[in-house]
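Chains, contacts and geometry: an overview
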Amino acid sequence: MINPKRDIRRDLKSKILSLSSNDKEAKQQKIFSLLSPLIHSLTFQGLLSNEFSVGLFAPLSDEVNCIDFKEWKVISFPSFEKEEMTFKRCSFQELKESTEFGVNLLCPSNDALDISPDLLIVPGLGFTKNGERLGRGKGFYDRYLANYKGITISLVFEEQLLEALPVEEHDIAVDYVVSEKSVWKQGNAIEL
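The notes below deal with the structure included here. (Residues numbered from 1 in each chain as written. Predicted model: local features only at pLDDT ≥ 70, side-chain atom pairs only at ≥ 80, totals over all residues. Heavy atoms only, no water.)

**Let's talk about the overall build of the protein**
Tallying secondary structure elements over the protein gives 3 helices and 13 strands in all. What you see for the protein is a C-alpha radius of gyration of 16 Å, in line with the 16 Å of a compact globule of 192 residues. Buried positions account for 46% of the 192 residues belonging to the protein. Partitioning the intrachain contacts of the protein with sequence separation of at least 6 by distance along the chain shows that 64% fall at a separation of at least 24. Accessible area for the protein stands at about 10,400 Å²; split by element, carbon and sulfur atoms hold 49% of it. Put simply, the protein has 23 plus and 29 minus side-chain charges, and the middle of one group is 2 Å from the middle of the other. (Helix = DSSP H or I, 4+ residues; strand = E, 2+ residues; numbered from the N terminus. Rg over C-alpha atoms; globule rule 2.2 N^0.38 Å. Buried < 20%, exposed > 50% of the residue type's maximum accessible area, 1.4 Å probe, protein only. Contact = heavy atoms within 4.5 Å. Areas by Shrake-Rupley, 256 points an atom, 1.4 Å probe, with all protein chains shown as cover. Lys, Arg positive; Asp, Glu negative; His and termini not counted. Charge placed at Lys NZ, Arg CZ, Asp CG, Glu CD.)

And the structure:
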């Protein structure tokens, strides 16, 4: 049976991992240069408070390192229990290594404070300008996003942007997609 999502994931991983560390760092700095005015605009519009909380993730080698962005205030990271994901307030330095899913992940301790972030930085492998995303196949973010009321942003390399993705009923799009070239909101490039 053909699995188009698996093939797309494989191709995207290969593209991203072929970028040199210098290229990834340069692209990441450009992404941050667009993310900063977006955050300020959302704050100015009253969609985020000055002390907003953000849900981040410990990035893998094929993801933008969202932790390096210096403007985060109150941060939290995903915690996984059974088939449910929650966010717990902690610093990057407080994360502990977990192999619960067969890969090394950094997670907060179980006794960290649960929070519902005002802003969520959502990972994935592939994205469209409309905010559709292709995750890693476990569905944790889609299940979490189904009831999430805050703002969602994905930080992506241009190599991760596709014209279309196979989308299923349970797939949840993000509000904003920020690459090194543009900020997209539901398919429209926005000026900041």
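**Some words on the layout of surface pockets**
There is about 670 Å³ of room inside the largest pocket. Lining the largest pocket are 28 residues; nearest its centre among them are Arg136, Gly137, Lys138, Phe140 and Tyr141. For the lining of the largest pocket, the secondary structure elements donating two or more residues are helix H1 (4-17), strand S2 (74-81), strand S5 (105-107), strand S9 (133-134) and helix H3 (140-145). The residue inventory of the lining of the largest pocket, partitioned by class, reads 14 nonpolar, 5 polar and 9 charged. (1 Å grid on protein atoms, 1.4 Å probe; cavity = no way out; pocket = protein on both sides within 12 Å on 5 of 7 lines; lining within 4 Å. Points joined across faces, edges and corners; volume = space filled by probe spheres on them. Nonpolar A, V, L, I, M, F, W, Y, C, P; charged D, E, K, R; others polar.)

**Structural notes on the pattern of salt bridges**
Scanning the entire structure with this criterion turns up 6 salt bridges. Residue Glu180 pairs with Lys27 through a salt bridge whose shortest N-O separation is 2.7 Å. With a gap of 153 residues between them, Glu180 in the loop between strand S11 (176-178) and strand S12 (183-185) and Lys27 in helix H2 (residues 21-44) connect regions that are remote in the sequence. Like Lys27, Glu180 is buried. Put simply, Asp114 and Lys88 hold a salt bridge, and the shortest N to O gap is 2.9 Å. Of the two residues, Asp114 is situated in strand S6 (residues 114-115) and Lys88 in strand S3 (residues 84-89); the sequence distance between them amounts to 26 residues. With relative accessibility at 48%, the residue Asp114 sits in the partly exposed group. Several salt bridges share partner residues, and in doing so they unite Asp7, Arg10 and Asp11 into one network. (Salt bridge = Lys/Arg side-chain N within 4 Å of Asp/Glu carboxyl O.)

**Examining the nonpolar core**
Judged by nonpolar contacts, the single largest core of 49 residues is most densely connected at Leu35, Leu56, Trp72, Leu119, Ile121, Ile153 and Leu155. Those elements that place two or more of their residues in this core are H2, S2, S3, strand S7 (119-121), H3, strand S10 (151-155), S11 and S12. Counting residues per element, this core draws most heavily on H2, which supplies 6 residues. Leaving out residues up to four positions away in the same chain, Trp72 has contacts with Leu35, Ile39, Phe52, Val54, Leu56, Cys66, Ile67, Leu119 and Ile121. (Core = buried A, V, L, I, M, F, W, Y, C linked by side-chain atoms within 4.5 Å.)

**Considering the packing of aromatic side chains**
With the rule as written, the count across this model stands at 8 aromatic pairs. Ring geometry for Phe80 against Phe140: centres 5.0 Å apart, planes inclined by 70°, an arrangement best described as edge-to-face. Of the two residues, Phe80 sits in strand S2 while Phe140 sits in helix H3, which places them 60 residues apart along the sequence. Side by side, Phe80 and Phe140 carry an identical accessibility label, which is buried. Pairwise contacts between aromatic rings join Phe32, Phe52, Phe69 and Trp72 into one cluster. Cation over ring: Arg143 sits above Phe140, and NZ or CZ is 4.9 Å from the ring centre. (Phe/Tyr/Trp six-rings, centres within 6.5 Å; stacked < 30°, edge-to-face > 60°. Lys NZ or Arg CZ within 6 Å of the ring centre and 35° of its normal.)

**Notes on empty space enclosed by the protein**
Enumeration according to the criterion identifies 1 cavity of 30 Å³ or more in this entry. Put simply, the largest cavity is a space of about 50 Å³. Taken together, Phe57, Glu63, Val64, Ile121, Val122, Pro123, Gly124, Phe127, Leu155 and Gln160 make up the full set of residues lining the largest cavity. Split by residue class, the lining of the largest cavity holds 7 nonpolar, 2 polar and 1 charged.

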